[in-house]
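Residue-level listing of the chains:
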Amino acid sequence: FDRTNAEGTLRLALTLLETQALRPGGRFVFISSLSVCGPVHEIDFRPISEADTPLPNTAYGRSKLLAEQYLRDIPDLNYVVLRPTGVYGPRERDYFMMAQSIRRHIDFAAGFKPQVLSFIYVADLVEAAYLALTHGARGSVYPLSDGHSYTSRAFSDLIQQELGVKRVCHIVAPLCVLWLACLISGTAATLLGRVSTLNLDKYRIMRQRNWQCDITAARRDLGYCPQWPLSRGVKAAVEWYREAGWLDN
């Protein structure tokens, strides 16, 4: 994560400046992540905003924060940071795994405490990136979502509806079961030299109960106006899964 997300970002930004590929007045838009903030509001359940002090509790989140710090330390770089929540849509595979599971009539969730989630469809994220090229102050940070908060069942229920699956077995397991599964999967993948979707980083992300996102600053400074609420985004994502043949496997 550090080599790719942090060091790779630093090298790219420096190369753009050294070669003058980033022309005067040009801007570097960095796609960070809401994971940079970590579980900052797990007790009070307030939406996560740009004003919160980052507390990343995953290797992924720490690498993204390190990249932000690297960019901040480059004297002549005109940059803006976007921190999207969970991104879904065409070609994204983590949320697609849920569609595969529901297609097999199983929906798995972990933790009995209510979870509040946020999402952003990839088209909204692309629009925000384009807006950030010409809007917002240099060095500003903008959390991004579709502007809504959802229950933990909202995404899976919409996928079930779009797939036309009539019956789904909803399994809610204790967090300790998820931790054990992630530990075994992650350790096995490491020993085999592979990458596993289930690992302890993923466990910490799934364990977090509050993923609400305050996009007030993005609306105000960037003119960001999300067009893809979850109902519209999931419908488009499932249509793409079908057209791409992902649901045939």
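The rules behind the values
- Residues numbered from 1 in each chain as written.
- Predicted model: local features only at pLDDT ≥ 70, side-chain atom pairs only at ≥ 80, totals over all residues.
- Heavy atoms only, no water.
- Helix = DSSP H or I, 4+ residues; strand = E, 2+ residues; numbered from the N terminus.
- Rg over C-alpha atoms; globule rule 2.2 N^0.38 Å.
- Buried < 20%, exposed > 50% of the residue type's maximum accessible area, 1.4 Å probe, protein only.
- Contact = heavy atoms within 4.5 Å.
- Areas by Shrake-Rupley, 256 points an atom, 1.4 Å probe, with all protein chains shown as cover.
- Core = buried A, V, L, I, M, F, W, Y, C linked by side-chain atoms within 4.5 Å.
- Axes fitted to C-alpha atoms, helices over the stretch in contact; angles between N-to-C directions.
- Parallel < 35°, antiparallel > 145°, perpendicular 65-115°, else oblique.
- Left-handed = near helix turned anticlockwise from the far one by under 90°.
- 1 Å grid on protein atoms, 1.4 Å probe; cavity = no way out; pocket = protein on both sides within 12 Å on 5 of 7 lines; lining within 4 Å.
- Points joined across faces, edges and corners; volume = space filled by probe spheres on them.

Draft legend 1. Spotlight on the overall build of the protein. Each helix and strand counted, the protein has nine helices and nine strands in total. For the protein, whose C-alpha radius of gyration is 19 Å, the value lies close to the compact-globule estimate of 18 Å for 249 residues. Taken along its principal axes, the extent of the C-alpha atoms in the protein is 55 × 40 × 40 Å. Out of the 249 residues in the protein, the part that is buried amounts to 45%. Restricting the contact set of the protein to residue pairs at least 6 apart, pairs at least 24 apart contribute 83%. Within the structure as shown, the protein displays about 13,200 Å² of accessible surface, and the carbon and sulfur contribution to it stands at 56%.

Draft legend 2. Local environment of the nonpolar core. Counting residues in each nonpolar core, the largest one holds 46 residues, and the members touching the most others are Leu82, Tyr88, Tyr224, Leu230 and Tyr241. When residues of this core are traced back to their parent elements, those giving at least two are strand S2 (79-84), helix H3 (94-103), strand S6 (119-121), helix H4 (122-132), strand S7 (141-144), helix H5 (154-163), helix H8 (216-222) and helix H9 (230-244). With seven residues, H9 is the largest single contributor of residues to this core. The residues contacting leucine 82, other than those within four sequence positions of it, are Val29, Phe30, Ile31, Ser32, Ser33, Ala128, Ala129, Ala132, Tyr142, Leu144 and Leu222.

Draft legend 3. Region of the structure containing the side chain of threonine 9. Looking at where threonine 9 falls in the secondary structure, it is placed in helix H1 (residues 2-18). Setting aside residues no more than four positions away along its own chain, threonine 9 makes contact with Thr4, Phe28, Phe30, Ala67 and Leu71.

Draft legend 4. Local environment of the packing of helix H6 (residues 175-192) against helix H7 (residues 200-207). Running from amino to carboxyl end, H6 crosses H7 at an angle of 160°, the nearest separation of the two axes being 8 Å. With respect to each other, H6 and H7 are oriented roughly antiparallel. The hand of the H6/H7 crossing is right-handed. When H6 is examined against H7, the residues Leu175, Leu178, Trp179, Cys182 and Leu183 are found in contact with a partner set consisting of Leu200, Tyr203, Met206 and Arg207.

Draft legend 5. Highlighting unusual backbone geometry. Here the phi dihedral of glutamine 20 falls at roughly 60°; this positive angle occurs in a residue that is not glycine. The topology assignment puts glutamine 20 in the loop between H1 and strand S1 (28-31).

Draft legend 6. Quick look at empty space enclosed by the protein. Overall, the coordinates contain one cavity of 30 Å³ or more when judged by the stated rule. There is about 30 Å³ of room inside the largest cavity. Considering the residues around the largest cavity, the lining is formed by Tyr88, Phe155, Ile159, Val234, Ala237, Val238 and Tyr241. Elements with a contribution of two residues or more to the lining of the largest cavity: H5 and H9. The element that contributes the greatest number of residues to the lining of the largest cavity is H9, accounting for four residues.

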